[in-house]
Amino acid sequence: WSTLTSAMKEFNEQNYLSMQTVQDLTGLEDKYTSLLKKNDVTGKLEIQTSKFQDLMEAELKEKGMEKLYAHMEMPLMEVLFSMEQEGFALDGNVLKALHCDFSAQQKELEEKIYALAGERFNILSPKQLGGILFDKLGLPHGKKTKSGYSTDSDTLEAIADRHPIVPLIGEYRFLSKVDATFVEGLLKATGADGRVHSSFNQCVTATGRISSTEPNLQNIPVRTPQGAQIRKAFVASPGHVLVGADYSQIELRLLAHMSGDPGLINAFNSGEDIHRHTASEVFHTPLELVTREQRSAAKAVNFGIVYGISDFGLARNLNIPVKVAGSYINMYLDRYPGVRAYMKESVEKAKSCGYAQTLYGRRRPLPELKSSNYNTRNFGERVAMNMPIQGSAADIIKIAMVRVYAALKEKGLAARLILQIHDELLVDAPLEEAEMVKHMMEDTMEHVAELKVKLIAQASCGSSWYDTK
């Protein structure tokens, strides 16, 4: 019983939705059933749980989250259960071939690294690696502790241009992780039915996004050749195709909507390439004369603003001086003053009420804003700026899932929603249903919310996840 009351107390402190508490209570009930029966308190538990439900429902209403709970999170439970049951078909032969390929690449990298180090050692051992890089090769390092030198990714990135061995170690680490975590991990996770059945969690992430575990399908590298090869192993069922649909720049569109900046809204509504358009505006360059470098810088600033990027962060992303990065950010905010005002107002509002909030009323408490530590406060301010945008995007994709799932059922289709990852939905559809499903998904997803800029969803079909991109 004390465990149950502790769970209730934790719920109140964390401000999670009641749905999560229901899940927790179910787990507790399974764990303590015999104890409850033995002490004849089952009836008491039902009474107390009922009272607890009443309290939580009242709190949801008080905080304006009852619609979020009733019309988004609760219907989503059925969708996620269906996705877990359906699973995603995997081609084991593709994964086995990848394992052989990645292993060969690792062996080749090993020999190059050993040649540059002048000896063989365990590349994945931080202690041995630190000894080679900093003691033997004399590369710059941080303070040495009892456990040795830090060899994390940030440390290696900072000295990547100091010795040819460093980038090779980064490549080796990445390949090793991809092979062990995704290739071998997916092979082990494949069920007897030839499908992988991930678990989808709706009440774990702070922004409200759905997370994936056992295995985590959301961590598959997106912008690397290795990640692309892995997606080739995710295939449609026999006689089916995969229909993938994702939102185009949903977070930037939400930034335009929530900031109300006329220039940014016009940039989207013009139908032009948003990053090229932004580069033209920020760098005062005719659209047709925008260079690749200017577009890349505008793209980095566009997305960086959503995540509260600093001049240091942008400088590292673009490999440019911090001063230049700072000037890019300032030029952007000068051109789109509504965005600057939105960022300032978001922080002030969060400081005043103690939380950030999405368009649909989802809250994230921000005690960090009251911290005496500068870095902690700074983190809280970045979250206050980007959580409403990221959280609203998460809410929109959840509504889209519920509506796509309902549309498939209403039309009596055999197609099934099998995956949500970031801003993308994947449906496993019979060949004869593919075109209908494709158009239905685009139409449904684009009409989930009425914003000041149009939501755009783009769908395509393919025999594998890779082919739908």
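Residues numbered from 1 in each chain as written. Predicted model: local features only at pLDDT ≥ 70, side-chain atom pairs only at ≥ 80, totals over all residues. Heavy atoms only, no water.

Visitor: Hey, could you go over the overall build of the protein chain for me, with residue numbers and the actual values?
Guide: A count of helices and strands for the protein chain gives 18 helices and 11 strands. Nonlocal contacts in the protein chain, meaning residues at least 24 apart in sequence, comprise 66% of its contacts between residues at least 6 apart. As displayed, the protein chain offers around 23,800 Å² of accessible surface, 51% of which is attributable to carbon and sulfur atoms. (Helix = DSSP H or I, 4+ residues; strand = E, 2+ residues; numbered from the N terminus. Contact = heavy atoms within 4.5 Å. Areas by Shrake-Rupley, 256 points an atom, 1.4 Å probe, with all protein chains shown as cover.)

Visitor: Break down the layout of surface pockets for me, citing the residues and quoting the values.
Guide: Empty space within the largest pocket amounts to approximately 1,000 Å³. Contributing elements (two or more residues each) for the lining of the largest pocket: β6 (240-247), α10 (250-259), α11 (262-269), α12 (274-282) and α13 (292-306). Each residue belonging to the lining of the largest pocket can be placed in one class, and the counts come to 13 nonpolar, six polar and 12 charged. (1 Å grid on protein atoms, 1.4 Å probe; cavity = no way out; pocket = protein on both sides within 12 Å on 5 of 7 lines; lining within 4 Å. Points joined across faces, edges and corners; volume = space filled by probe spheres on them. Nonpolar A, V, L, I, M, F, W, Y, C, P; charged D, E, K, R; others polar.)

Visitor: I'd love a proper account of the packing of aromatic side chains, names of residues and values included.
Guide: The way to describe two aromatic rings as a pair is by their centre distance and the angle between their planes. Under the defined criterion, the tally for this structure stands at seven aromatic pairs. Aromatic side chains Tyr332 and Tyr336 sit 5.0 Å apart centroid to centroid with 70° between the ring planes, which places their arrangement in the edge-to-face category. For the residue pair Tyr332 and Tyr336, the accessibility class agrees, reading buried in each case. An aromatic cluster is built from Phe88, Phe234 and Trp465, whose rings are joined through pairwise contacts. Its end group placed over the ring of Tyr466, Lys232 keeps NZ or CZ at 4.7 Å from the ring centre. (Phe/Tyr/Trp six-rings, centres within 6.5 Å; stacked < 30°, edge-to-face > 60°. Buried < 20%, exposed > 50% of the residue type's maximum accessible area, 1.4 Å probe, protein only. Lys NZ or Arg CZ within 6 Å of the ring centre and 35° of its normal.)

Visitor: Please provide a residue-by-residue account of the sheet that holds strand β5 (residues 234-235), values included.
Guide: Read across the open sheet, the three strands follow the order β2-β1-β5; overall the sheet is antiparallel. Lying at the two open borders of the sheet, with one neighbouring strand each, are β2 (195-196) and β5. Bridging between strand β1 (residues 88-90) and β2 involves two bridges; their strand directions are antiparallel. Bridged to Phe88 within β2 is Val196. (Pairing = 2+ DSSP bridges.)

Visitor: Lay out helix α17 (residues 374-410) with the relevant residues and their values.
Guide: In an α-helix, one full turn covers 3.6 residues, which means residues spaced three or four apart are oriented alike. With 37 residues, α17 extends 53 Å between its outermost C-alpha atoms, agreeing within 8% with the 54 Å of an ideal straight helix rising 1.5 Å per residue. Maximal helix bending in α17 amounts to about 45°, located at Asn386; proline Pro388 follows within four positions. Structurally, the start of α17 carries an N-cap: the backbone nitrogen of Asn375 is 3.0 Å from a side-chain oxygen of Asn373. Following α17 by one or two positions, Gly412 adopts a phi angle in the positive range, close to 65°. (Expected span 1.5 Å × (residues − 1). Bend = angle between axes of the 7 residues up to and from the residue. Polar contact = N/O pair within 3.5 Å; in protein donor to acceptor, adjacent residues only side chain to side chain.)

Visitor: So what's going on with the sheet that holds strand β10 (residues 424-430)? Which residues, and what values?
Guide: Within the open sheet, the four strands sit side by side as β9-β10-β6-β11. Their pairing is antiparallel. Because the sheet does not close on itself, it has two edges, and the strands there are β9 (416-421) and β11 (457-462). Direction aside, the axes of adjacent strands within the sheet are offset by 20° on average. (Axes fitted to C-alpha atoms, helices over the stretch in contact; angles between N-to-C directions.)

Visitor: Break down helix α4 (residues 66-86) for me, with residues and values.
Guide: Along its 21 residues, α4 runs 30 Å from first to last C-alpha, staying within 8% of the 30 Å computed at 1.5 Å per residue. The largest bend in α4 comes to about 30°, at Met77. Among the residues making up α4, those that are buried are Leu68, Tyr69, Met72, Glu73, Leu76, Val79, Leu80, Ser82 and Met83. Taken from the residues just after α4, Gly87 is the one with a positive phi, measuring 70°.

Visitor: I'd like to hear about the environment of Met445, residue by residue, with values.
Guide: Position of Met445 relative to the elements: it lies in helix α18 (residues 434-446). With 10 residues separating them in the primary sequence, Met445 and Leu455 have C-alpha atoms 7.8 Å apart. When near neighbours in sequence (up to four residues on either side) are disregarded, Met445 contacts Ala245, Asp246, Tyr247, Ile397, Ala400, Val404, Asp423, Leu425, Leu455 and Ala457.

Visitor: I'd love a proper account of the nonpolar core, names of residues and values included.
Guide: Among the nonpolar cores identified, the biggest contains 125 residues, and Phe234, Tyr247, Tyr332 and Val427 are the most heavily contacted of them. No other element matches the 16 residues that α17 contributes to this core. Those residues within four positions of Val427 in sequence are excluded, and the remaining contacts are Val241, Leu242, Val243, Val404, Leu408, Ala415, Arg416, Leu417, Val437 and Met441. (Core = buried A, V, L, I, M, F, W, Y, C linked by side-chain atoms within 4.5 Å.)

Visitor: Requested: an account of unusual backbone geometry, with residues and values cited.
Guide: Geometrically, the link from Glu214 to Pro215 is a cis peptide bond, its omega value of 0° lying close to zero. Tracing the sequence through the fold places Pro215 in the loop between β4 (211-213) and α9 (225-231). A positive phi angle, close to 50°, is found at Glu214, a residue other than glycine. Relative to the assigned elements, Glu214 resides in the loop between β4 and α9. Since its relative accessible area comes to 68%, Glu214 is described here as exposed. Of note, the phi angle at His284 is positive, near 50°, even though the residue is not glycine.

Visitor: Can you lay out the packing of helix α16 (residues 337-353) against α17 for me, pointing to particular residues and giving the numbers?
Guide: The axes of two packed helices give the description: the angle between them and the distance between them. Axis separation between α16 and α17 bottoms out at 8 Å; the angle between their running directions is 105°. Relative to α17, α16 is oriented roughly perpendicular. Residue-level inspection shows Tyr342, Met343, Ser346, Val347, Ala350 and Lys351 of α16 in contact with α17, the latter providing Glu381, Ala384, Met385, Pro388 and Ile389. Per-class residue counts for the contact of α16 with α17 are eight nonpolar, one polar and two charged. (Parallel < 35°, antiparallel > 145°, perpendicular 65-115°, else oblique.)

Visitor: Quick rundown of the pattern of salt bridges? Include the residues and the values.
Guide: Counted according to the given criterion, the structure contains 20 salt bridges. A salt bridge links Glu111 to Arg120, with the nearest nitrogen and oxygen atoms 3.4 Å apart. What makes Glu111 partly exposed here is its relative accessible area of 41%. Judged by its relative accessible area of 56%, Arg120 is exposed. The partner of Arg209 in a salt bridge is Glu251, with the nearest N and O atoms 3.3 Å apart. Pair noted here: Arg209 is in the loop between β3 (199-201) and β4 and Glu251 is in helix α10, with a separation of 42 residues, a long-range link. A single burial state applies to Arg209 and to Glu251, both of which are buried. A single salt-bridge network, built from bridges that share partners, covers Glu73, Arg362, Asp395 and Lys398. (Salt bridge = Lys/Arg side-chain N within 4 Å of Asp/Glu carboxyl O.)

Function-wise, these values are silent; they only describe arrangement.
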